[in-house]
Amino acid sequence: PGLALAGWDGARVVVASASVARDDSGELAWKLKPRFALKPSKDPCPGTGGATCPASWISGGDYRHVEAMHFGNGGRTLAVLTGNSSLDAWDLGIGSRLGHWIHGAEGPRPHAMCHDSAMLLFAHGGRGGAGPPQLSVAKLPEKLQVAGDWQAAWSAATQPPVWAPAIPPAL
């Protein structure tokens, strides 16, 4: 199949695949194939009965401020952390959104994130912009935990993740 790639151009998150093959001269060459752009307003919003997401969750149908992206499930899902502290999860096999969660915790908004099969780790600045960076953890939403069973992931109830208080990073 190839390597999954995702990039943000200031308005869109574009998903592509890359593979390496021999060209006509026998040299190895990378081939990049753009697959699709993720459009938050074009997908039904989870828990709304098929309606599109409220305008406060998106910016004109595009991603105007992306803080971080993370592949999961062997490159089959993509988590997108936005500047308004929301997290979108995408099924890259079919290009549809699995869920949308808003970081409701008090304190600084996260600027980076990563996850494993069970937990999300967020990094953010110190309170009031001063002090060392801080980390917080949250349970990974079930829709991102379900590997390979996309129908179950789509039908699972949308629940906001449980956010833990910020903890200082280990030095």
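Residues numbered from 1 in each chain as written. Predicted model: local features only at pLDDT ≥ 70, side-chain atom pairs only at ≥ 80, totals over all residues. Heavy atoms only, no water.

Asks: Just checking my understanding: could you explain the pairing of strand β5 (residues 77–82) for this structure?
Replies: Strand residues, when the strand is regular, have side chains that alternate between the two faces of the sheet. Counting buried positions over the 6 residues of β5 gives 6, a clear majority of the element. Here β5 shows a buried face lined by Thr 77, Ala 79 and Leu 81 and a second buried face lined by Leu 78, Val 80 and Thr 82. A loop of 3 residues connects β5 with strand β6 (residues 86–91), the two strands running antiparallel in sequence, and Ser 85 in this loop sits at a positive phi of about 65°. (Buried < 20%, exposed > 50% of the residue type's maximum accessible area, 1.4 Å probe, protein only. Helix = DSSP H or I, 4+ residues; strand = E, 2+ residues; numbered from the N terminus. Pairing = 2+ DSSP bridges.)

Asks: I keep staring at the nonpolar core and nothing clicks. Help me out?
Replies: What tends to happen in soluble globular proteins is that the nonpolar side chains get buried as a cluster. Counting 13 residues, the largest nonpolar core has Leu 81, Leu 87, Met 113, Leu 120 and Phe 122 as its most contacted members. Listed by contribution, the elements that provide at least two residues to this core are β5, β6, β7 (96–102) and β9 (119–124). Ignoring anything within four residues of it in the chain, the contact list for Leu 120 reads Leu 87, Met 113, Cys 114, His 115, Ser 136, Val 137, Ala 138, Lys 139, Leu 140 and Pro 141. (Core = buried A, V, L, I, M, F, W, Y, C linked by side-chain atoms within 4.5 Å. Contact = heavy atoms within 4.5 Å.)

Asks: Help me out: how do you make sense of the pattern of salt bridges in this one?
Replies: Note that side chains of opposite charge can pair when their charged atoms are close. Evaluation of the coordinates by the stated rule reveals 3 salt bridges. Of the charged contacts in the structure, one is a salt bridge between Glu 67 and Arg 109, with a shortest N-O distance of 3.4 Å. With a gap of 42 residues between them, Glu 67 in strand β4 (residues 66–72) and Arg 109 in the loop between β7 and β8 (112–115) connect regions that are remote in the sequence. Across the pair Arg 97 and Asp 88 runs a salt bridge whose closest N-O atoms are separated by 3.4 Å. With respect to burial, Arg 97 and Asp 88 carry one shared label: buried. (Salt bridge = Lys/Arg side-chain N within 4 Å of Asp/Glu carboxyl O.)

Asks: Please explain the sheet that holds strand β10 (residues 134–139) as it appears in this structure.
Replies: Where strands meet in a sheet, backbone hydrogen bonds hold them as pairs that are either parallel or antiparallel. Ordered by their spatial adjacency, 3 strands build an open sheet running β8-β9-β10, and the pairing between neighbours is antiparallel. Here the strands that pair on one side only, and so sit at the sheet edges, are β8 and β10. The mean angle between the axes of side-by-side strands here comes to 20°, regardless of whether they run parallel or antiparallel. One ladder, built from 6 bridges, connects β9 with β10; its direction is antiparallel. From the neighbouring strand, Phe 122 faces β10, where its bridge partner is Ser 136. (Axes fitted to C-alpha atoms, helices over the stretch in contact; angles between N-to-C directions.)

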